[in-house]
Amino acid sequence: MKRTLIFVILILFFPALAFSRGVIRGTVVDAQKGTPLPGANVQILGTLFGASTNLEGRFIIENIPPGNYDLRISMIGYRSQTKKNIYAGPGKEVTLNVKLKETPIEFDPIVISAGKVKQRLDQAPVSLSVVTAKDIARRNATNLIESLETAPGVNFIGDQINIRGSTGYTFGAGNKVLLLLDGVPVYAADTGEFNWDMLPPLDIEQIEILKGAGSTLWGASALGGVVNVITKSPSPEGKFMFSSIFGKYDHPYYEEWYWTNHERLFYSRFDLSYSKKFGPFGMRVSAGRFVSTGYQQLGAFEKYNLTGKFDYVFANKIKWTGYAAYSYIDRGFFVQWKGQNDPYEVDESNLDNYATTNQLNLYAKLAIPLSPRFGLNFRASMVRTLMGNQFGGNAGFNPAYGEGLEFQADWIPRYGHMVTFGVQYQHDAGSNKYFGNHRGYSLGPFIQDEWKLRKNLRLTTGLRYDRYQLIGGLKEDLFSPRLGINWQPFETTTLRASAGSGFRAATIVERFLELSIMNFKIISNPDLKAESSWAFDVGFRQYFTEDWNIDVSFFDNEYWRMIEAHLDLIRGQVQFRNITRARIQGIEATTNFNFPFSVSKQKFDFNSQISITAMNHEDLKWHEPLTYRPKLLATIKTSFGWRGLQLQVDYRYASKIAEVQIYPINDRVPMKFWDVRLSLDARKITLQASVKNLLQYNYAPMESNLMQPRTFILGVQGNF
């Protein structure tokens, strides 16, 4: 408790410092409508200076040292624009008028996950995908999983995310993907599990998905990739947003599968959000309720979340940001069906499998621009997770705490040369009667240098050292180097190559859990070693027109001591073990295009994203496929629009999983889901009707566990 209080004080009372020649001001408007664009981002390239537009679309950047600068103006949903050779000098005030063109597809979004600093996606040395707030609203997503499930190279097995086949399925214990909230780790300290319901989709500005090992910058656990959820900042004007979604589950495919009165099976989600800036102070608060009867026994849940994001910009441009999110979940756990003739029911002995989860996330950041070319960033964070009454057991769970501190410095010694260095500390603690009382910490100093060798050639080098120490137990060390190149031989062509290593120590649950569940006994493995990887990625991005691009990458991920759940069917035992060597190789291709056209003076718009990921994964010791990983993923997202009316069709495909742990000889099928939606924009309100799993396809990603049947959904979203 005392430690928690110290962290809360750190989070709420970071000290404020102070600082601050030449002025650049201007306005940013929509190119077609001429209306102001509040919230557009204006960045002086080669410096740490920037600004956002206010309610009238105006911005001002002051105290700029004399010189010629390039300015990049960007906003989600619009094509970014660069103004070159803008001279700012003493006594000289520059005024710019910028017109941004709206685009239905994000072709060159600004990202931060590739290098911990803002940069254009096509200038990054690594493979990275972006899901925008517009994508999320388009899908009427009820949580983060639904926001991510059509992203290139992403596949979910239950609640467990796989990026290019990295994770497989371990029932939430341990994950080779690192989930970040505004750059802050948010995994449960004991299990390593993610709470995909921790914030409402309304709060999300953008989700960035870094493919491959990202430990050099983001630390341990970023072994197979990084998902960075970036939340919306307080808006310049008062903005009230709401979203209401109602879903009705259809009857089972076969009459023999009926198990209840299916007319009563539904879900609903309702979210409210208010955002406003009061001078230097900005706030955004949100609340949401998500309830469901479930489509299967033990599928019922109640979920509530409350979030708040606050910031304050001091006169010297120092910015403080605080964030808090509370999530309460009461839900059942459907582990395995009763039988093939009763796939939506569980055995009577498991009907008590309910659990409640409380999670509190806190973070605070302080950004101090000491000069145009040097800035400091501090961060403190805490994740508290409490789960209880799982699998029919009595209370015996205590809160798990994950506490983090980070210092980062950004230095631009000269134009085109960015050095980022710092140190990160993470402390994890968890205790209950199933795995005892354990604590561990990791400490990782890091440095990265991004050097613009030529106008069209960037070189990125980096190194991180990680020390993981289990209190009273083993210690593990690893160096994580990184090398990346980005070359743009032509304005429309980008070539990239990167190599980087990753590191992840086993979670407390993976090492020490002792539990009997169903007919299996989970046994501990205190000697479990940390897993490591090397990720190699070579790719290119080609713009054929301003409305059509293609991105192709070849990847090779090499794993050592990969941690996987091992099932001994003879003894009925499950234990987490190290796989000596494993490899995942493949190719990923994504194309985006937008095709506006007119018929009889009526304007139509057709756009689509098509992605294919083909991979080969292998346990190199036994020459077998890795479990719970498909070898082919494909998604097609299309939209046909006329005025405010849009027809959308999504298709998701995952090939048949070759290897599973339980019932390996049972027949399995590939995943084939069609979703269709019709939406209407009426001023500030969007109405949507959709059908998920249109063809009522029956698919089980893991044994004895069907995904949801055809579901009819109505939604309404708006902002005032």
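Residues numbered from 1 in each chain as written. Predicted model: local features only at pLDDT ≥ 70, side-chain atom pairs only at ≥ 80, totals over all residues. Heavy atoms only, no water.

Below, the discussion takes up the overall build of the chain. When its secondary structure is counted, the chain shows five helices and 40 strands. Entry remark: accessible area of the chain is about 30,000 Å², with carbon and sulfur atoms responsible for 59%. Counting 79 positive and 67 negative side-chain charges, the chain places the averaged centre of each group 7 Å from the other. (Helix = DSSP H or I, 4+ residues; strand = E, 2+ residues; numbered from the N terminus. Areas by Shrake-Rupley, 256 points an atom, 1.4 Å probe, with all protein chains shown as cover. Lys, Arg positive; Asp, Glu negative; His and termini not counted. Charge placed at Lys NZ, Arg CZ, Asp CG, Glu CD.)

A separate point is the packing of aromatic side chains. Applying the stated criterion across every chain, the model contains 32 aromatic pairs. For the pair F544 and W548, a centre-to-centre distance of 4.3 Å together with 35° between the ring planes defines the contact as tilted. Given a relative accessible area of 43%, F544 falls into the partly exposed group. You can call W548 partly exposed: its relative accessible area is 38%. By way of ring pairs, the aromatic residues Y249, Y253, Y254, W257, Y267, F290, Y295, F301 and Y344 are connected into one cluster. Taking the ring centre of Y363 as reference, the NZ or CZ of K365 above it sits at 5.1 Å. (Phe/Tyr/Trp six-rings, centres within 6.5 Å; stacked < 30°, edge-to-face > 60°. Buried < 20%, exposed > 50% of the residue type's maximum accessible area, 1.4 Å probe, protein only. Lys NZ or Arg CZ within 6 Å of the ring centre and 35° of its normal.)

Glancing now at unusual backbone geometry. At D182, a position not held by glycine, the phi torsion is positive, near 55°. With respect to the element layout, D182 can be found in the loop between strand 13 (177–181) and strand 14 (184–185). Positive phi, close to 55°, is recorded for H623, a residue that is not glycine. Position of H623 among the secondary structure elements: in the loop between strand 35 (602–619) and strand 36 (632–642). On the basis of relative accessible area, H623 is assigned to the exposed category, the value being 58%.

A word on the pattern of salt bridges. If you walk through the whole model with that rule in mind, you get 38 salt bridges. D159 is the partner of R331 in a salt bridge, and the nearest nitrogen-oxygen pair spans 3.8 Å. Highlighted residues: R331 in strand 21 (residues 319–332) and D159 in the loop between strand 11 (154–157) and strand 12 (160–163), separated in sequence by 172 residues. Judged by relative accessible area, which is 42%, D159 ranks as partly exposed. (Salt bridge = Lys/Arg side-chain N within 4 Å of Asp/Glu carboxyl O.)

The subject of this paragraph is a nonpolar patch on the surface. Taken together, the side chains of F640, W642, L645, L647, L678, L680 and L687 present a nonpolar region at the surface, about 590 Å² in accessible area. Those elements that place two or more of their residues in the nonpolar patch are strand 36, strand 37 (645–654) and strand 38 (671–682). Relative to the assigned elements, L645 resides in strand 37. (Patch = residues over 30% accessible without salt bridge, like charges linked within 9 Å, V, L, I, M, F, W, Y side chains within 5 Å.)

Turning our eyes to something else, we now look at the sheet that holds strand 4 (residues 58–61). Spatially, the three strands line up as an open sheet ordered 4-1-7, and their pairing is mixed. Taken across any chain shown, the strands that pair with only one partner, and hence form the sheet edges, are strand 4 and strand 7 (93–100). In this sheet, adjacent strand axes meet at a mean angle of 20° when their direction is disregarded. As judged from the four bridges shared by strand 1 (residues 23–30) and strand 4, these two strands associate in the antiparallel manner. The residue of strand 4 that forms the bridge with R25 is I60. (Pairing = 2+ DSSP bridges. Axes fitted to C-alpha atoms, helices over the stretch in contact; angles between N-to-C directions.)

What follows concerns the side chain of T627. Among the structural elements, T627 can be located in the loop between strand 35 and strand 36. Those residues in contact with T627, other than ones at most four positions away along the chain, are G168, E564, E659, V660 and Q661. (Contact = heavy atoms within 4.5 Å.)

Below, the discussion takes up the nonpolar core. With 45 residues, the main nonpolar core has I161, W196, I207, V227 and V229 as its most contacted residues. With five residues, the top contributor of residues to this core is strand 13. Once you skip the residues sitting within four places of it in the chain, I161 turns out to touch L148, V154, N155, F156, T167, N175, V177, F194, W196 and V227. With 26 residues, the next largest nonpolar core counts A505, A530, F576 and I662 among its residues. (Core = buried A, V, L, I, M, F, W, Y, C linked by side-chain atoms within 4.5 Å.)

A few words on the environment of K84. With respect to the helices, strands and loops of the structure, K84 is situated in strand 6 (residues 81–88). Separated by 172 residues in sequence, K84 and E256 place their C-alpha atoms 68 Å apart. Other than its neighbours up to four places away in sequence, K84 contacts Y69 and D70.

A word on the environment of P664. Position of P664 among the secondary structure elements: in the loop between strand 37 and strand 38. Each C-alpha atom of the pair P664 and N486 lies 44 Å from the other, and the pair is 178 residues apart in sequence.

Right, let's talk about the pairing of strand 27 (residues 457–470) for a bit. Pairing geometry for strand 26 (residues 436–454) and strand 27, over twelve bridges, is antiparallel. Across the sheet, W451 pairs through a bridge with L459, a residue of strand 27. Between strand 26 and strand 27, which pair antiparallel one after the other, the connecting turn spans two residues. Where strand 27 and strand 28 (residues 475–490) come together, 13 bridges link them in antiparallel fashion. Of the residues in strand 28, the one forming a bridge with T461 is L483. The hairpin formed by strand 27 and strand 28 contains four residues between the paired strands, and G472 there has a positive phi angle of roughly 75°.

A word on the confidence of the model for the chain. When pLDDT is averaged along the chain, the result is 88, and 96% of the positions lie at 70 or above. Between residues 7–20, whose pLDDT stays under 50, and residues either more than four places distant or in other chains, the model counts 32 contacts. Every residue in residues 390–394 is under pLDDT 50, and counting partners more than four places away or in other chains gives 17 contacts. (pLDDT = per-residue confidence, 0-100.)

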